[in-house]
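# Geometric and topological summary
Each chain is listed here by its residues.
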Amino acid sequence: MNNIKTVILLGSLTGLLMLIGGYFGGRNGVVIAFLFAMVLNFGSYWFSDKIVLKMYRGREVSEADAPELYSMVKDLSLRAGLPMPRLYVIPGNTPNAFATGRNEHHAAVAVTEGILGLLNRDELEGVLSHELTHIKNHDILISSIAATVAGAIMMLAGMARWAAIFGVGRDDDEEGGGIVGLIVMAVLAPIAATIIQMAISRSREYLADEGGARISGKPSGLANALEKLSYSSKRAPMNVNPSTAHLFIVKPFSGRSLMNLFSTHPPVEKRVEKLRAMQRF
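Here goes a summary of the coordinates provided. (Residues numbered from 1 in each chain as written. Predicted model: local features only at pLDDT ≥ 70, side-chain atom pairs only at ≥ 80, totals over all residues. Heavy atoms only, no water.)

## Here's the deal with the environment of E273
Topologically, E273 is positioned in helix α10 (residues 268-279). On the accessibility criterion, E273 (56% relative accessible area) is exposed. In sequence terms E273 and A223 are 50 residues apart; their C-alpha atoms lie 8.1 Å from each other. (Helix = DSSP H or I, 4+ residues; strand = E, 2+ residues; numbered from the N terminus. Buried < 20%, exposed > 50% of the residue type's maximum accessible area, 1.4 Å probe, protein only.)

Take a look at the structure:
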C-alpha cells in the first residue's frame, strides 16, 4: 500500500511540475527547470554518504573496533540479502541512527554513541534492520527523485514570483489568469511540493519499519526502540541540518511542525501501533 502511495505521490509531483511549467514557461520552462534541478540533486545523491557522514563527524569502525555491533550488522545484512555496509559511529549522547549511500553496494549505516548505551540487543537489532531496509528499498534514490522534481517546482515558482513583482505575465483576460495566477502559483506551488515530498518520506518510514521488523523477526524490539528514541530526542534534541532530518530513524529535534503534513516522519505512536499489530500475528 505504501509503495503504491509513493508512486501516486511522485506522479503528483510530476503533474504539478508540468502544470506550472506549462503555465509559466511552456514545455521549455519545464525542461530547463527539471534539468537544472536534476544536476543539483544528482551531485547530492552521488556524494550524499560522504557529505552527511562528514557533517556529523562519523567515524568508520571495523570489526576490531566494535566487534559486537559489527557482528550484529553483518548477520542482519545476510538475513536481508545485502552486502555488508560500511559502519559508522557518530559522537553524541542523543540516540539516533540513519542509513545513506546511493545503492546497496555503496551504503553506510551510522549510529550515535547514545543509541549504543540506551537500547538492548533486540531494540538495536530492530533499528539496524530498519536502516538496512532503507538501503534495500533504494530510499535514497527515491528521495533524490522527489527532491529533483520538488526543486524544479521551487525554481519555477521563484521565476513566477519575480514575474509577478515586475508585472510580467499573461493578461487577465487570457486563459490562465494573468498576474493573479502567477501570484497564486508562486505561493501555493512550493507549499504543495513540500507537502507531497514530506508525504513520500513518511511512506518510506512505514515501509522501513515493516521491513525492519521482518528482518529482525522482533517487531516489539523496534517498537520499544522507537518509543525510547522519541522520548530521548525530545529531552535532548540533536543539532542537525533540517535538510538531513528525514534520514534519521526518528525526528532528531523536539520542535513540533505547524501541521503533520510538513513532518518528515510519521507520528511515533502510529508507527508503534503498526509494529505491535505485527507482533500479534
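From this point, things continue past the structure.
## So, helix α4 (residues 67-80)
An α-helix turns once every 3.6 residues. As a result, residues three or four positions apart point the same way. When the terminal C-alpha atoms of α4 are compared, their 20 Å separation across 14 residues agrees well with the 20 Å that a helix rising 1.5 Å per residue should span. Along α4, the residues classified as buried are L69, Y70, M72, V73, L76, S77 and A80. One side of α4 carries all its buried residues, which in axial view fall inside an arc of 160°. The exposed set on the far side of α4, more than 90 degrees from its buried face, consists of E68 and L78. Once α4 finishes, G81 follows within two positions and takes phi at roughly 75°, a positive value. (Expected span 1.5 Å × (residues − 1). Arc of directions from axis to C-beta.)

## Some thoughts on the nonpolar core
Residues L69, I115, V127, L128 and L226 are the most contacted members of the largest nonpolar core, which totals 35 residues. Of all the elements in the fold, those that place two or more residues in this core are α4, β2 (86-90), β3 (97-101), β4 (107-112), α6 (121-136), α8 (178-216), α9 (219-235) and α10. Here the element with the most residues in this core is α4; it accounts for six residues. Ignoring any residue separated from it by four or fewer positions in sequence, one finds L69 in contact with L87, V89, V111, L116, L124 and L128. F98, A108, A110 and I140 belong to the second-largest nonpolar core, a separate cluster that totals 13 residues. (Core = buried A, V, L, I, M, F, W, Y, C linked by side-chain atoms within 4.5 Å. Contact = heavy atoms within 4.5 Å.)

## What about the environment of I142?
Relative to the elements of secondary structure, I142 occurs in helix α7 (residues 139-165). By relative accessible area, I142 is classed as buried at 16%. Linking I142 and I200, residues 58 residues apart in sequence, is a C-alpha distance of 8.6 Å.

## What about the environment of P252?
Following the sequence through the fold, P252 ends up in the loop between α9 and α10. By relative accessible area, P252 is classed as buried at 0%. Placed 155 residues apart in sequence, P252 and A97 show a C-alpha to C-alpha distance of 9.5 Å. Other than its neighbours up to four places away in sequence, P252 contacts N96, S233, P237, M238, V240 and A245.

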